[in-house]
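Each chain is listed here by its residues.
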Number of protein chains: 2
Amino acid sequence: MTHNRRMTLAARPEGEPGPEHFAMVEAPFAPLPPGKARMQTIYTSVDPAMRIRMRAGKSYIPPFAIGETVGTYSVGQIIESDCDTLPVGSFAWSFSGWETHPVVGRRSAFPIVPVGVPLSAYLGVLGFTGFTAWLGLEDIGRPKPGETLLVTAASGAVGSIAGQIGKLRGLRVVGVTSGAARCAMLKERLGFDAAIDRSAGDFSAQMDRACPDGVDIFFENVGGPMQAAILPRMRMGGRVIMCGMIAQYNDAAPEPGPNLMAVVTNRLRLEGFIASDSVDRLPGYQREAGAWVQSGQLLSDETIVAGLHNGPTAFRRLLGGDKLGKTVLQLAPDPFAPARALSSATP
Amino acid sequence: MTHNRRMTLAARPEGEPGPEHFAMVEAPFAPLPPGKARMQTIYTSVDPAMRIRMRAGKSYIPPFAIGETVGTYSVGQIIESDCDTLPVGSFAWSFSGWETHPVVGRRSAFPIVPVGVPLSAYLGVLGFTGFTAWLGLEDIGRPKPGETLLVTAASGAVGSIAGQIGKLRGLRVVGVTSGAARCAMLKERLGFDAAIDRSAGDFSAQMDRACPDGVDIFFENVGGPMQAAILPRMRMGGRVIMCGMIAQYNDAAPEPGPNLMAVVTNRLRLEGFIASDSVDRLPGYQREAGAWVQSGQLLSDETIVAGLHNGPTAFRRLLGGDKLGKTVLQLAPDPFAPARALSSATP
């Protein structure tokens, strides 16, 4: 093991990204700079927000440069180190990306003390995905028991956690997903009070049935026409957690949004947030959610795809619809997961 | 003086309201109920928000019934009383409406201690209009000195106060209005740093010149295409004070709004509010703003229209474009204003 492989952005996609927008680059390990560590990536994230960084325009983080590694969150083991917070053999999560052996440091990688769950949890339910759900609900949603929470992309990585935390906070929780099977999963497995099938074509009528008294908290992951249908159904004093708008990430130009008159008349608050602004609160989340995960009160699904070369395909599938839970690429064996043949996990 | 006259809603307007949607009703005074008082209205408000209540649909306050008095804020003198907070001869502002002699009580009318300015100020700069500007800026805008505030309908009743309070709070203030004369008035008379002429046709280019670094606080009174042009120009962490959307009050169906992706990427907060929720803070505002008015730091313009019969015309003109300051109907002489022939004030 003396070579690093990384998946780079080869061209900016217009519309749907495909394998032609990526290029694999392999190079021998460079000497480790002072104060740094080399990590072997075990899992790396496949995350809708990466689509935003494939555009040239300004956003909350700089766009990827052409030729740059596709960046996201990863988890791995330190194999070489000149950094005292990241000793050889320890586990860490990092801001690195689709790369087998990133060089990380004390400001880009953070120790993990494994608690007996597969390390992929630190990219999902115990990582930024779950943290995003928790932070949005706590800071923007400010839930009061008995209120109604509506979650879009509710079977997705963030949405499925947001809905479950909503139940733990005493809310009535309604999820929007596609297909009868996923609706059943939300209700039967994750404990949602109701589910709306956005592929069934009568969205407004389903909304009226599932939320007859309107919506107090709207956890918005999708955007598009659903947003316009939901906003006028917000109750007085409602809060909209603007977490993402996956329906629009492939759009070349922004679509119109909902009329905002409801914001005036119903005293609504719509608020965007970025979990990385609040990274200092991640350990607090991990303590609270770690107990829920271990007691079985907080379930999460993962789609595990083997190999860096399958990243572009996994990413395209992720943007195409609500996936079941968090999607990750596995690049090396996980000592905390049951043994599995990686090739069988190919999508 | 033994008769009450009131202007009622005769029909719900579709689109622009006109005299045909109103009817004057005159009746002898009814006996005063216990605990109530009879007020002679001196001024009554002409207020864009009244348009919302002419619709049948749900809003933040119930719609007017057909045949009901057109309700708004008024100021007047008590002429008959069985209410100890409202003695005969005292002055009060009230939730009453386009009516010469409303019956009011301790929960619908509040004493005014005149400070030597015309009583019309209590419907404008020292009343709910100014209070709305102050409350939105303080609670939602949370201004920090040096930030850029953009105000739409900036020569209007709320906008002109919001911009001036913005300057008093140390902000850079940019106003949007129509016509070169109003732009000059904003800069030369009210001290705005820049003005944008929305009738000039190059709104985006003017925005780029007037707000080269974007907008931190957007005081939104207008809606429509301007809203869609401004939202993507909000800076990271920006706040949108959703006060009103006068451009849309005559629309039968809601238009699409701006794409909300900027809310996610730039961590924006959009918030609607209703000043009457915070009526307990009105005296605090009146103390702070009363000092500014008396020292000449806070200027306000008024359009005074004589007579209840001119209400529908004044209301239509108000919705047609930015008026200069607050529009009120004068129904009786104001002992604190210079004598004026009321007929000369007819629009």
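The shown structure was predicted, so the numbers you read here are calculated from the model rather than taken from an experiment. (Residues numbered from 1 in each chain as written. Chains lettered and ligands numbered in written order. Predicted model: local features only at pLDDT ≥ 70, side-chain atom pairs only at ≥ 80, totals over all residues. Heavy atoms only, no water.)

1. Examining the packing of aromatic side chains
In the structure shown here, the tally under the stated rule is 30 aromatic pairs over all chains. Aromatic pair Phe131 of chain B and Trp134 of chain B: ring centres 6.1 Å apart, planes at 25°, arrangement stacked. One end of the pair is Phe131 of chain B and the other is Trp134 of chain B, both in helix α2 (residues 128-141) and three residues apart, which spans about a single turn. Taking the relative accessible area as the measure of exposure, Phe131 of chain B reaches 0% and is therefore buried. Given the relative accessible area of 8%, Trp134 of chain B is considered buried. Through pairs of rings, three or more aromatic residues link up here, namely Tyr73, Trp93, Phe95, Phe110, Phe128, Phe131, Trp134 and Tyr285 of chain A. If you follow Arg38 of chain A out to its NZ or CZ, it ends over the ring of Phe29 of chain A, 4.3 Å from the centre. (Phe/Tyr/Trp six-rings, centres within 6.5 Å; stacked < 30°, edge-to-face > 60°. Helix = DSSP H or I, 4+ residues; strand = E, 2+ residues; numbered from the N terminus. Buried < 20%, exposed > 50% of the residue type's maximum accessible area, 1.4 Å probe, protein only. Lys NZ or Arg CZ within 6 Å of the ring centre and 35° of its normal.)

2. Digging into empty space enclosed by the protein
Residues and elements named next belong to chain A. Within this structure, the stated rule accounts for three cavities of 30 Å³ or more. Of the pockets and cavities examined, the largest cavity occupies roughly 50 Å³. Every residue along the wall of the largest cavity is listed here: Ala121, Gly124, Val125, Ala157, Ser160, Ile161, Ser300, Asp301, Glu302, Gly325 and Lys326. If one sorts the elements of the lining of the largest cavity by residue count, helix α3 (residues 157-168) sits on top with three residues. The residue makeup of the lining of the largest cavity, split by class, is four nonpolar, four polar and three charged. By volume, the second largest cavity is sized at about 40 Å³. Lining the second largest cavity we find ten residues, and of these Ser155, Ser160, Leu190, Asp301 and Gly325 sit closest to its centre. Split into classes, the residues belonging to the lining of the second largest cavity amount to four nonpolar, five polar and one charged. (1 Å grid on protein atoms, 1.4 Å probe; cavity = no way out; pocket = protein on both sides within 12 Å on 5 of 7 lines; lining within 4 Å. Points joined across faces, edges and corners; volume = space filled by probe spheres on them. Nonpolar A, V, L, I, M, F, W, Y, C, P; charged D, E, K, R; others polar.)

3. Digging into the pairing of strand β9 (residues 172-177) of chain A
Residues and elements named next belong to chain A. Of all six residues in β9, five are buried; the element is thus mostly enclosed. Of the pairings in the sheet, the one linking strand β8 (residues 148-151) to β9 comprises four bridges and is parallel in character. Directly across from Thr148, in β9, lies its bridge partner Arg172. A crossover connection joins β8 to the parallel β9 through α3; in handedness this β-α-β unit is right-handed. Inspection of the sheet shows β9 paired to strand β10 (residues 194-197) by four bridges, in the parallel sense. (Pairing = 2+ DSSP bridges. Right-handed = clockwise from strand over helix to strand, strands pointing away.)

4. Thoughts on the pattern of salt bridges
On inspection of all chains with the given rule, the structure shows 28 salt bridges over all chains. Measuring nitrogen to oxygen at the nearest pair gives 3.6 Å for the salt bridge that ties Asp202 of chain B to Arg209 of chain B. The structure contains a network of salt bridges with shared partners spanning Glu138, Arg169 and Glu288 of chain A. (Salt bridge = Lys/Arg side-chain N within 4 Å of Asp/Glu carboxyl O.)

5. Points about the packing of helix α2 (residues 128-141) of chain A against helix α8 (residues 282-294) of chain A
Residue and element names in this part refer to chain A. For the pair α2 and α8, the least separation of the axes is 10 Å and the interaxial angle reads 95°. As judged from the angle between their axes, α2 and α8 are roughly perpendicular. Contacts between α2 and α8 involve Phe128, Gly130, Phe131 and Trp134 from the first element and Leu282, Tyr285, Glu288 and Trp292 from the second. Split into classes, the residues belonging to the contact of α2 with α8 amount to six nonpolar, one polar and one charged. (Axes fitted to C-alpha atoms, helices over the stretch in contact; angles between N-to-C directions. Parallel < 35°, antiparallel > 145°, perpendicular 65-115°, else oblique. Contact = heavy atoms within 4.5 Å.)

6. Some details on the domain arrangement of chain A
Residues and elements named next belong to chain A. Per the domain assignment, the segments making up chain A are domain 1 (3-124 + 301-345) and domain 2 (128-275). A straight line from the C-alpha centre of domain 1 to that of domain 2 covers 28 Å. Counting residues at the interface gives 25 residues for domain 1, matched by 22 residues for domain 2. Contact between domain 1 and domain 2 buries roughly 1700 Å² in total, counting both sides, with carbon and sulfur atoms accounting for 51%. One salt bridge in this structure joins Asp301 and Arg189, with 2.6 Å as the shortest N-O distance. Secondary-structure elements contributing two or more residues to the side of domain 1 that touches domain 2 are α1 (49-53), β5 (91-95) and α9 (311-320). The element contributing the most residues to the side of domain 1 that touches domain 2 is α1, with three residues. Here the residues of the side of domain 1 that touches domain 2 sort into 13 nonpolar, four polar and eight charged. (Domains from an automatic or database assignment. Buried area = accessible area lost by both parts, 1.4 Å probe.)

7. Let's talk about the interface of chain A and chain B
On the side of chain B, 33 residues touch chain A, which itself brings 34 residues to the contact. A combined buried area of about 2700 Å² lies between chain A and chain B, and 62% of that area is made up of carbon and sulfur atoms. Scanning the region where chain A abuts chain B turns up two salt bridges. In this structure, Arg267 of chain A engages Asp277 of chain B in a salt bridge whose closest nitrogen and oxygen atoms are separated by 2.3 Å. The interface formed by chain A and chain B holds ten residue pairs in polar contact (both at pLDDT 80 or more) in total. Contributing elements (two or more residues each) for the side of chain A that touches chain B: β12 (234-242), α7 (261-265) and β13 (269-272) of chain A. Looking at the side of chain A that touches chain B residue by residue, the class counts come to 19 nonpolar, nine polar and six charged. With three bridges connecting them, β13 of chain A and strand β13 (residues 269-272) of chain B associate as antiparallel partners. Of the residues in β13 of chain B, the one forming a bridge with Leu270 of chain A is Leu270 of chain B. (Polar contact = N/O pair within 3.5 Å; in protein donor to acceptor, adjacent residues only side chain to side chain.)

8. Looking at the relation of the copies chain A and chain B
Rotating chain A by 180° about the axis while translating it 0.1 Å along that axis superimposes it on chain B, leaving an RMSD of 0.0 Å. Viewed as a symmetry operation, the transformation between the two copies matches a two-fold axis. The fraction of interface residues of chain A whose copies in chain B are also interface residues reaches 97%, indicating that both copies meet through the same surface. (Least-squares fit on C-alpha atoms with pLDDT ≥ 70 in both.)

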